[in-house]
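Summary of structural features
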Amino acid sequence: MLYAIIGHDVPDSLERRKAARPAHLERLQAMQDEGRLLLAGPFPSVDANDPGAAGFSGSLIVAEFPSLQEAQIWADADPYVSAGVYQHVAVRPFRKVLP
């Protein structure tokens, strides 16, 4: 089943985010290589593809996991969690309708 993982950044997370990004992307790439990643990306803090110093307010990952519990375990182990980028992470079942 698909699950949406929504990370909400702490204020002024940009430097922490930059430092943890390589490890974060490595985990996402592994999931992509396994064919389980539907989409992933950050929420810019301003209305721009490159928010510059404004940074990001969080991230969205939609991926396939065997269960909600396994999705939660994966989300809890994210480098952005251990680096203090995320203030809160929500994991919810997701049903893709389109496209």
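Refer to the structure printed above.
To keep things clear, this report deals only with the structure shown in the data block. Residue positions are given per chain, counted from 1 along the sequence in the order it is written. Given that this is a predicted model, residues contribute local features only at a pLDDT of at least 70 and side-chain atom pairs are listed and counted only at 80 or more, while totals for whole chains, interfaces and linings are drawn from all residues. Working from all heavy atoms in the structure, the side-chain values ignore hydrogens and water.

Another aspect to go through is the pairing of strand β1 (residues 2-9). Type-normalised accessible area, obtained with a 1.4 Å probe on protein chains alone, sets the label of each residue: buried when under 20%, exposed when over 50%, and partly exposed for intermediate values. The helix count covers DSSP runs of H or I at least four residues long, the strand count covers runs of E at least two residues long, and both are numbered beginning at the N terminus. Within β1, six of the eight residues are buried, which leaves the element mostly enclosed by the surrounding structure. With seven bridges joining them, β1 and strand β3 (residues 56-64) adopt antiparallel strand pairing. Pairing of Ala4 across the sheet is with Val62, part of β3. Taken together, the eight bridges between β1 and strand β4 (residues 86-94) define a ladder with antiparallel strand orientation. Here the rule is simple: two strands pair whenever DSSP picks up at least two bridges between them.

Bringing the pattern of salt bridges into the picture now. What counts as a salt bridge is simple: a side-chain nitrogen of Lys or Arg found within 4 Å of a carboxyl oxygen of Asp or Glu. Taken as a whole and judged by the stated rule, the model has four salt bridges. Where Lys18 meets Glu15, a salt bridge forms, and the shortest distance between an N and an O atom there is 3.6 Å. In this pair, Lys18 and Glu15 are both assigned in helix α1 (residues 14-33), three residues apart and thus about one turn of the helix distant. Of the charged contacts, one joins Asp78 and Arg27 as a salt bridge, the two residues approaching to 3.6 Å between their closest N and O atoms. Placement of the pair is Asp78 in the loop between α2 (68-76) and α3 (79-82) and Arg27 in helix α1, with a sequence separation of 51 residues. Grouping residues by exposure puts Asp78 and Arg27 together as buried.

Points on a 1 Å grid over protein atoms alone make up a cavity when a 1.4 Å probe fits among them but cannot get out, and a pocket when they form an open set with protein on both sides within 12 Å along at least five of seven lines; lining residues each have an atom within 4 Å of a point. Grid points are joined across faces, edges and corners, and a volume is the space filled by probe spheres set on the points. Here the largest pocket is characterised by a volume of approximately 260 Å³. Elements with a contribution of two residues or more to the lining of the largest pocket: α1, β2 (37-44) and β3. Top contributing element to the lining of the largest pocket by residue count: α1, with seven residues. The class makeup of the residues in the lining of the largest pocket is 10 nonpolar, three polar and three charged. Under the scheme applied here, ten amino acids are nonpolar (Ala, Val, Leu, Ile, Met, Phe, Trp, Tyr, Cys and Pro), four are charged (Asp, Glu, Lys and Arg), and all others, including Gly, are polar.

Between its first and last C-alpha atoms α1 spans 27 Å; for 20 residues at 1.5 Å apiece the expected length is 28 Å, and the two agree. One axis is fitted to the seven residues ending at the residue and one to the seven starting there. The bend at that residue is the angle between these axes. The sharpest bend along α1 measures roughly 50 degrees and falls at Arg21, with the proline Pro22 sitting one to four residues further on. Three or more residues of α1 are buried, namely Leu14, Arg17, Ala20, His24, Arg27, Leu28 and Met31. Here, two residues are considered to be in contact whenever any of their heavy atoms come within 4.5 Å of each other. Looking at the packing, one finds that the buried side of α1 touches β1, β2, β3, α2, α3 and β4. Gly35 sits one or two positions beyond α1 and adopts a positive phi of about 75 degrees. Expected span, for any helix, means 1.5 Å times one less than how many residues it has.

Functional significance is not addressed by these values, which are geometric in nature.
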